[in-house]
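Survey of secondary and tertiary structure
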Amino acid sequence: MTDLRPHRRWNPLTREWLLVSPHRAARPWLGQVEAISEERPAYEPSCTLCPGNKRIGGELNPDYRDTFVFGNDFPSLLPPLEMKAEAPIFSPLFQSRDVSGECRVICFSPRHDLSLAQMSAGDIARVITTWTEQTADLGSRNRWVQVFENKGAAMGCSNPHPHGQIWAGDFIPEEPAKEDLSQKEYFQEHGRPLLLDYAAEELRDGSRTVIEGEHWFVVVPYWALWPYETLLLPKQEQVTRLTSLPESQKLDLAETMRQLLVRYDNLFQCSFPYSMGWHGAPFLSDDGGKSEEYWQLHAHFYPPLLRSASVKKFLVGYEMLAEGQRDLTAEQAAERLRSLPNRHYAS
Ligand code: H2U
Ligand code: ZN
C-alpha cells in the first residue's frame, strides 16, 4: 500500500474502519485563509454566563473570579425518581431503559472575551482543577461523568463566553462503552494498557505528533476522522481518570493543551471551533477495580473546519451511509499544525 493510494485505517479504540483518500488532498494548498474578526467586550450585559448577570432560570451569577459551576437550567438528565419508574421494555425490537443523572455548566473565566486558547497555562490549570473536583463529586454517585466543551457557533454553541459542560449519569454511554471494551480486550491480550502502547509507538515515530510536553503530548491519531482531530494523552505514565491526575502533571497538561489551542486558532486565524471532552475509567464499577488496570485518561478534540475559517467538513453521504472518510492524511494534518507558530495570532 503506498500512502497516497486510497486505503482504510483501523480505529482500535472504537473498532471502526475509516476510508482515507489522500490522492485527493495531494494537490497544492489553494484554500484561502479568511480571518474572521470577532471583537468582544470583557463584560457583556446580555450574557447569561457573565459574573453578576441573570441566568435563564432566573438565578444571579455570583461575582466569580476564576471558574464558576452551576446546575444546567435545562438538564438533559434528571435525578432519580423517588417512586419506581415505569418498567423497562425488553422486547427485541423496542427496548428502553430508565436513566438518571445530572448536568452542570462550567464557566472557564469571568472574561466574556476570552477562550481557553487565550488564557494562561495557570488559568487553564485552574479549569483542570475544576474539572477534577467536579468529576470527583459527580463520580461519587454516577457511573460516567462526561466533561466536555462545545466551542463556536459551528458546533452549535449558543454563547461565546468561555464555558463547558458536564453530564453525569448512571450508565456508560456508547462511545466510552466501545473504548472500555477495546481497552479491556487489549489488556487481556497484551498485559499493557492500549493507550500506553499507542503513545510509545507514536512518540517513537513522531510523524503524527503535534506537541510534546514533559508528561503529556498531542497527536493526530492514525485513525483520525475529522481533518484536524487530535488526541491529548499521557506520554508514559498510566493515569486512569481526571481524579487521579498527579498534581505534578497538571501544569504540563495545561501548557500542552494551551499550545494545541493556540495552534488551532492560528491555523485559519479564527477562534477555532471544536467539541472536546475527557474519557477516563468509569466510576462505581462492580468489577473490583479491573477497569483501572486498562484505562488511560485522554481528551479528544474534534474540530469541524477543513480548509478555512468558514469551510467545514460535513459527515454526510458516504459517511452516513457507508463509513467515515477523509482526504488529508493524519500525517499531513499533524505537519500543518506543527509548522504553525506557538504564539496566538491575536496577541
Ligand atoms: P453550549 O455549551 O452548547 O453553549 O450550552 C450551554 C449550556 O448552558 C446549555 O446546555 C445552559 C444551556 O442549557 N445554560 C443554562 O443552564 N442557563 C443559562 O442561563 C444559559 C445557558
Ligand atoms: Zn459573558
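Further up the page is the structure itself.
Heads up: these notes are all about the structure in this document. (Residues numbered from 1 in each chain as written. Chains lettered and ligands numbered in written order. Predicted model: local features only at pLDDT ≥ 70, side-chain atom pairs only at ≥ 80, totals over all residues. Heavy atoms only, no water.)

1. A word on the nonpolar core
- Membership of the largest hydrophobic core comes to 53 residues, with the highest contact counts inside it found for Leu116, Trp131, Tyr228, Leu232, Trp278 and Phe301.
- No other element matches the eight residues that helix α4 (residues 247-268) contributes to this core.
- Those residues in contact with tyrosine 228 that lie beyond four places of it in its chain are Tyr264, Leu267, Phe268, Phe272, Pro303, Leu305, Leu306, Leu328, Ala333, Arg336 and Leu337.
- By size, the runner-up hydrophobic cluster in this structure holds ten residues, among which are Tyr198, Ala199, Leu231 and Leu233. (Core = buried A, V, L, I, M, F, W, Y, C linked by side-chain atoms within 4.5 Å. Buried < 20%, exposed > 50% of the residue type's maximum accessible area, 1.4 Å probe, protein only. Helix = DSSP H or I, 4+ residues; strand = E, 2+ residues; numbered from the N terminus. Contact = heavy atoms within 4.5 Å.)

2. Topic: the pattern of salt bridges
- According to the stated counting rule, one finds 26 salt bridges in the structure shown.
- A salt bridge links arginine 104 to glutamate 102, with the shortest nitrogen-to-oxygen separation between them at 3.8 Å.
- Among the salt bridges present, the one from arginine 208 reaches glutamate 331, with a minimum N-O distance of 2.6 Å. Within this pair, whereas arginine 208 is found in the loop between α3 (194-205) and β9 (209-212), its partner glutamate 331 is found in helix α7 (residues 330-338), the two being separated by 123 residues in sequence. Taken individually, arginine 208 and glutamate 331 each receive the classification buried, so the pair is uniform in this respect.
- One salt-bridge network, in which partners are shared between bridges, spans Arg9, Glu202, Asp205, Arg208 and Glu331. (Salt bridge = Lys/Arg side-chain N within 4 Å of Asp/Glu carboxyl O.)

3. Some points on helix α2 (residues 174-190)
- For α2, which comprises 17 residues, the first-to-last C-alpha distance of 24 Å matches the rise-based estimate of 24 Å (1.5 Å per residue) to within 8%.
- Where α2 is buried, its residues touch β7 (144-151), α3, β12 (274-279), α5 (291-294) and β13 (298-302).
- Directly beyond the C-terminal end of α2, a positive phi value near 75° is found at glycine 191. (Expected span 1.5 Å × (residues − 1).)

4. What to know about the site of ligand 1
- Around ligand 1 sit 13 residues, and of these Ile56, Asn72, Asp73, His163 and Gln165 come closest.
- In this structure, a nitrogen atom belonging to ligand 1 sits 2.6 Å away from a side-chain N or O atom of aspartate 73.
- The side chain of glutamine 165 places a nitrogen or oxygen atom 3.0 Å from an oxygen atom of ligand 1.
- With the chains in place, 86% of the 480 Å² that ligand 1 exposes on its own is no longer accessible.
- Looking at the shell around ligand 1 residue by residue, the classes come out as five nonpolar, six polar and two charged. (Near = heavy atom within 4 Å. Polar contact = N/O pair within 3.5 Å; in protein donor to acceptor, adjacent residues only side chain to side chain. Areas by Shrake-Rupley, 256 points an atom, 1.4 Å probe, with all protein chains shown as cover. Nonpolar A, V, L, I, M, F, W, Y, C, P; charged D, E, K, R; others polar.)

5. Some thoughts on the pairing of strand β2 (residues 16-20)
- Sheet topology places strand β1 (residues 7-11) next to β2; five bridges connect them, and they run antiparallel. Bridging across to β2, asparagine 11 finds its partner in glutamate 16.
- Between the antiparallel neighbours β1 and β2 lie four residues, among them arginine 15 with a positive phi of about 60°.
- Note: β2 against strand β14 (residues 325-326), two bridges, orientation parallel. Bridge pairing in β14 places valine 20 opposite arginine 326. (Pairing = 2+ DSSP bridges.)

6. Quick look at the pairing of strand β6 (residues 101-107)
- Across the seven residues of β6, six count as buried, placing the element largely inside the fold.
- The sheet contact formed by strand β3 (residues 68-71) and β6 spans four bridges and is antiparallel. In the strand pairing of β6, glycine 71 is matched with arginine 104.

7. A word on empty space enclosed by the protein
- As enumerated under the stated definition, the model contains one cavity of 30 Å³ or more in all.
- There is about 100 Å³ of room inside the largest cavity.
- Looking at the largest cavity, the residues that line it are Thr135, Trp144, Val145, Val147, Arg241, Leu242, Trp278, His279, Gly280, Ala281, Phe283 and Leu297.
- Among the secondary structure elements, those contributing two or more residues to the lining of the largest cavity are β7 and β12.
- Tallied by class, residues from the lining of the largest cavity come to eight nonpolar, three polar and one charged. (1 Å grid on protein atoms, 1.4 Å probe; cavity = no way out; pocket = protein on both sides within 12 Å on 5 of 7 lines; lining within 4 Å. Points joined across faces, edges and corners; volume = space filled by probe spheres on them.)

8. Here's the deal with the coordination of the zinc ion (ligand 2)
- Around the zinc ion (ligand 2), the protein contributes the donor atoms Cys47 (SG), Cys50 (SG), His112 (ND1) and His161 (ND1), which lie 2.0 to 2.4 Å from the metal centre.
- Around the zinc ion (ligand 2), the four donor atoms sit at angles spanning 101 to 115°, and that spread fits a shape best called tetrahedral.
- Written as a sequence motif, the donor residues of the zinc ion (ligand 2) are C-x2-C-x61-H-x48-H. Of this pair, cysteine 47 sits in the loop between β2 and β3 while histidine 112 sits in the loop between β6 and α1 (121-139), and the two are 65 residues apart along the sequence. With respect to class, cysteine 47 is no different from histidine 112; both count as buried. (Donors = N, O, S within 2.8 Å, 3.2 Å for Na, K, Ca; no water. Tetrahedral: all angles 85-135°; square planar, octahedral: opposite > 155°, others 65-115°.)

9. Examining α4
- The terminal C-alpha atoms of α4 lie 34 Å apart, and with 22 residues this matches the ideal 32 Å at 1.5 Å per residue to within 8%.
- With 18 of 22 residues buried, α4 is to be regarded as a mostly interior element.
- Of the residues one or two after α4, glutamine 269 is the one with positive phi, at around 50°.

Such coordinate-based values are descriptive only and should not be taken to indicate function.
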